[in-house]
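Now for the letters of each chain:
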Amino acid sequence: MEFETVIGLEVHAQLKTKSKIFCGCSTAFGAPPNTNTCPVCLGMPGVLPVLNRQVVEYSIRMALATNCRIERVNQFARKNYFYPDLPKGYQISQFELPIARHGWVEIEAAGQVRRIGLTRIHMEEDAGKLIHDPREPVSYVDLNRTGTPLIEIVSEPEIRSAEEAVAYLKKLHAILRYLDICDGNMEEGSFRCDANISLRPKGQAELGTRTELKNMNSFRNVQRALEFEERRQRDILLEHGKVVQETLLWDADKNITTSMRGKEEAHDYRYFPDPDLIPVVIDEAWIERVRAAMPELPDARQARFVAELGLPAADAEVLTATRELADYFERALALYPQAKKLGNWIMTELLRELKGEDGIDISACAVRPEELAALMNMIEQGTISGKIAKAVFVDMLATGKPAAVVVQEKNLVQMSDTGELVRLIQEIIAANPQQVADYKAGKTKLIGFFVGQLMQKTKGQANPQLANQLFAKALATD
Amino acid sequence: MKITPEETEHVARLAHLDLSAVEVHAMTEQLDRILSYVAKLNALETEGVQPTTHALAIHNAFRADEVHSSLTQAEALANGPQQNGEAFVVPRII
């Protein structure tokens, strides 16, 4: 039997505010436990949470970037559950009246462009962090993260494969980074994802029983966890078994999903409007102000790179994958206006050196875009050959030195001194009478041999075009 | 009755409270009195009245995104029934 996979994703993105959503405590990551807390985020009785305006501003940005309808009136609600990472006994979230609904993003997977619907975006506070003691039956509670602003972005169950799920996540990730509202660090938990997945016989309208997957802290883990769960459910259904609706944790070491019984027991959140927080009303003027200040988004930038710079679509996609990389490219382009050549260099020489598991961190690159442009210009002007430039670049990455300094220190300037080259050429011709005779008899391909000899003598510093010309001339007149 | 003993037990379970049979009985009676009192509101004719979440006719009370000083670690932990000097300590959950 053929099955269709149905996936819906919930993404939690921490917003890049300085202070928490309802109090003035810092959101900085990595502070000593319980040093960024106050009576509000500790959930003391009698305190009053007051909404950080920047959280609303950032949420509007995301809503506009994902084609959502912004709800003019929205409201916070209490999601009640009793768990030690949440000192109040409830999480302040949005329920019936979220800030945005009915959006979409476009993704490309398996060569197909598809539109994935967004059900809603809502604002909420993050919970604290629990560390479980490996030996004692206790857990340690750190409430620094409690109250960090989050937006939760919920997709429609319109994703049909693990590959599409990753494409969708990467698109949201890129948009959040382009908007500069989330740092997107998956390891530190600034960008987290839960997935709902079910299978149904192809053609059936009714959805199958779903499971919820958690604990996938990289794009690669999302893909592997969904592929695993897809196979697991298919095997159950093929044997006429029943999929149990439950929450599963991805175990990245063992490559399996495991049941997370216990916390599951009751999803009875008893939402109600939070009496401490008055409604948020967003007027047209506010939306227009945010819209006017929106940066160029990844799709638009990619299209511009194709239309205005003449880059192939595949190159434009790679170069716009992150805002930082696209900025890097454009800063270098301003000083070396040859988009295709520059793009090739970045995609081969630069990205090869910087590639990590979850993409590229251009901010870690020791070579500034201005210096890359300087290097490219040295090739263009014939100061160094393309081959030597590659070695120079590796040196620049390792030492952070400017191109000109590396070239000078290593004495790599290309030899374009005709007199000196002619002298060396005469030596080579004198030393290789057989090859000279063969060349004159018509084996003109031997020019490569002669140039190679010259390169050896000059340690690669002879200007290759000039060497070709000089050999051709010398061998013709000899 | 506005609430059954089963519902009281359910709510107690959600709050991780262990109630004896006697306590369930007493709580159910008390909760029932509270709910019956609040239920008087249902007598009002609310047809055509917009649902509201607040009695105040204001909206958009914001604070600027500014960091203020937090409590010290010792102050933050002071009310914890069990703590180890840097974190609250609770019975293991998972």
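Calculation notes
Residues numbered from 1 in each chain as written. Chains lettered and ligands numbered in written order. Predicted model: local features only at pLDDT ≥ 70, side-chain atom pairs only at ≥ 80, totals over all residues. Heavy atoms only, no water. Contact = heavy atoms within 4.5 Å. Buried area = accessible area lost by both parts, 1.4 Å probe. Salt bridge = Lys/Arg side-chain N within 4 Å of Asp/Glu carboxyl O. Polar contact = N/O pair within 3.5 Å; in protein donor to acceptor, adjacent residues only side chain to side chain. Helix = DSSP H or I, 4+ residues; strand = E, 2+ residues; numbered from the N terminus. Pairing = 2+ DSSP bridges. Axes fitted to C-alpha atoms, helices over the stretch in contact; angles between N-to-C directions. Phe/Tyr/Trp six-rings, centres within 6.5 Å; stacked < 30°, edge-to-face > 60°. Buried < 20%, exposed > 50% of the residue type's maximum accessible area, 1.4 Å probe, protein only. Lys NZ or Arg CZ within 6 Å of the ring centre and 35° of its normal. Parallel < 35°, antiparallel > 145°, perpendicular 65-115°, else oblique. Left-handed = near helix turned anticlockwise from the far one by under 90°. Core = buried A, V, L, I, M, F, W, Y, C linked by side-chain atoms within 4.5 Å. pLDDT = per-residue confidence, 0-100.

(A) Looking closely at the interface of chain B and chain A. Opposite the 36 residues of chain B that make contact, chain A presents 54 residues. Roughly 3,600 Å² is buried in total at the junction of chain B and chain A, and carbon and sulfur atoms are behind 61% of that figure. Applying the counting criterion to the chain B and chain A interface returns zero salt bridges. Here chain B is connected to chain A by 23 residue pairs in polar contact (both at pLDDT 80 or more). Sorting the residues of the side of chain B that touches chain A by element identifies α1 (5-14), β1 (62-63), α3 (73-77) and β2 (88-91) of chain B as the ones contributing at least two each. Note that strand β2 (residues 51-52) of chain A and β1 of chain B share two bridges and pair parallel. Paired with Asn 52 of chain A across the two strands is Arg 63 of chain B, which belongs to β1 of chain B.

(B) Representation of unusual backbone geometry within the structure. One non-glycine residue with positive phi stands out, namely Ala 110 of chain A, at about 50°. Its location among the elements puts Ala 110 of chain A in the loop between β7 (100-109) and β8 (112-125).

(C) Geometry of the sheet that holds β2 of chain B. Spatially, the three strands line up as an open sheet ordered β9(A)-β10(A)-β2(B), and their pairing is antiparallel. Looking at strand neighbours, the two that pair on one side only are β9 (129-132) of chain A together with β2 of chain B, the edges of this open sheet. For this sheet the average axis-to-axis angle between neighbouring strands, irrespective of direction, equals 35°. Sheet topology places β9 of chain A next to strand β10 (residues 138-142) of chain A; four bridges connect them, and they run antiparallel. Bridge assignment links His 132 of chain A to a residue of β10 of chain A, and that residue is Ser 139 of chain A.

(D) Spotlight on the sheet that holds strand β16 (residues 272-273) of chain A. Residue and element names in this part refer to chain A. Within the open sheet, the three strands sit side by side as β6-β5-β16. Their pairing is antiparallel. Each of the sheet's edge strands pairs with one partner strand only, and the pair in question is β6 (90-93) and β16. In terms of strand pairing, strand β5 (residues 77-80) meets β6 through four bridges, oriented antiparallel. If you follow Ala 77 over to β6, its bridge partner there is Ser 93.

(E) Structural view of the packing of aromatic side chains. All names here are of chain A. This model, assessed by the stated rule, comprises twelve aromatic pairs over all chains. Plain terms: the ring middles of Phe 95 and Tyr 271 are 3.7 Å apart, the flat faces sit at 5° to each other, and that makes the pair stacked. With a gap of 176 residues between them, Phe 95 in the loop between β6 and β7 and Tyr 271 in the loop between β15 (256-259) and β16 connect regions that are remote in the sequence. Summarising the aromatic geometry, the rings of Tyr 269 and Tyr 271 are spaced 6.0 Å apart at their centres and angled 75° between planes, so their arrangement reads as edge-to-face. Residue classification places Tyr 269 among the partly exposed positions, given a relative accessible area of 22%. Through a chain of ring-to-ring contacts, three or more aromatic side chains come together here, namely Tyr 81, Phe 95, Tyr 269 and Tyr 271. When the ring centre of Tyr 90 is taken as origin, the NZ or CZ atom of Lys 88, which lies over that ring, is 5.2 Å away.

(F) The packing of helix α9 (residues 369-380) of chain A against helix α10 (residues 386-399) of chain A, seen in detail. All names here are of chain A. Axis separation between α9 and α10 bottoms out at 10 Å; the angle between their running directions is 160°. With respect to each other, α9 and α10 are oriented roughly antiparallel. The handedness of the crossing between α9 and α10 comes out as right-handed. Across the interface between the two elements, Glu 371, Leu 372, Leu 375 and Ile 379 from α9 touch Gly 386, Ala 389, Val 392, Phe 393 and Met 396 from α10.

(G) How the structure looks around the nonpolar core. Residue and element names in this part refer to chain A. If you look at the biggest cluster of nonpolar residues, it comprises 70 residues, and the most contacted ones within it are Met 62 and Tyr 168. The element best represented in this core is helix α2 (residues 162-178), accounting for nine residues. Judged by nonpolar contacts, the second largest core, of 38 residues, contains Ala 326, Met 347, Cys 365 and Val 367.

(H) Representation of the environment of Ile 131 of chain A. Residues and elements named next belong to chain A. Structurally, the position occupied by Ile 131 is in strand β9. Separated by eleven residues in the primary sequence, Ile 131 and Asp 142 place their C-alpha atoms 8.0 Å from one another. Excluding residues within four positions of it along the chain, Ile 131 makes contact with Val 138, Ser 139 and Tyr 140.

(I) Molecular detail of the packing of helix α8 (residues 339-354) of chain A against α10 of chain A. Residues and elements named next belong to chain A. Relative to each other, α8 and α10 sit at 35°, their axes nearing to 11 Å. In the packing of α8 onto α10, the handedness of the crossing is right-handed. Contact residues: α8 offers Trp 345, Glu 349, Leu 350 and Glu 353, while α10 offers Gly 386, Ala 389, Lys 390, Phe 393 and Leu 397.

(J) Representation of the pattern of salt bridges within the structure. Residues and elements named next belong to chain A. What the rule picks out here adds up to 33 salt bridges over all chains. A salt bridge links Asp 299 to Lys 171; its shortest N-O distance comes to 3.0 Å. Pair noted here: Asp 299 is in helix α5 (residues 298-307) and Lys 171 is in helix α2, with a separation of 128 residues, a long-range link. Given the relative accessible area of 37%, Asp 299 is considered partly exposed. Taking the relative accessible area as the measure of exposure, Lys 171 reaches 16% and is therefore buried. One salt bridge connects Glu 288 with Arg 291, and the closest N-O pair in it is separated by 3.2 Å. On the criterion of helical spacing, the pair formed by Glu 288 and Arg 291 is a turn pair, its members being three residues apart in helix α4 (residues 284-292). Overall, Glu 288 belongs to the partly exposed group, its relative accessible area being 37%.

(K) The arrangement of the confidence of the model for chain B in detail. Looking at chain B as a whole, the pLDDT averages 91, with 99% of positions reaching at least 70. Scored as a complex, the prediction yields pTM 0.82 and ipTM 0.89.

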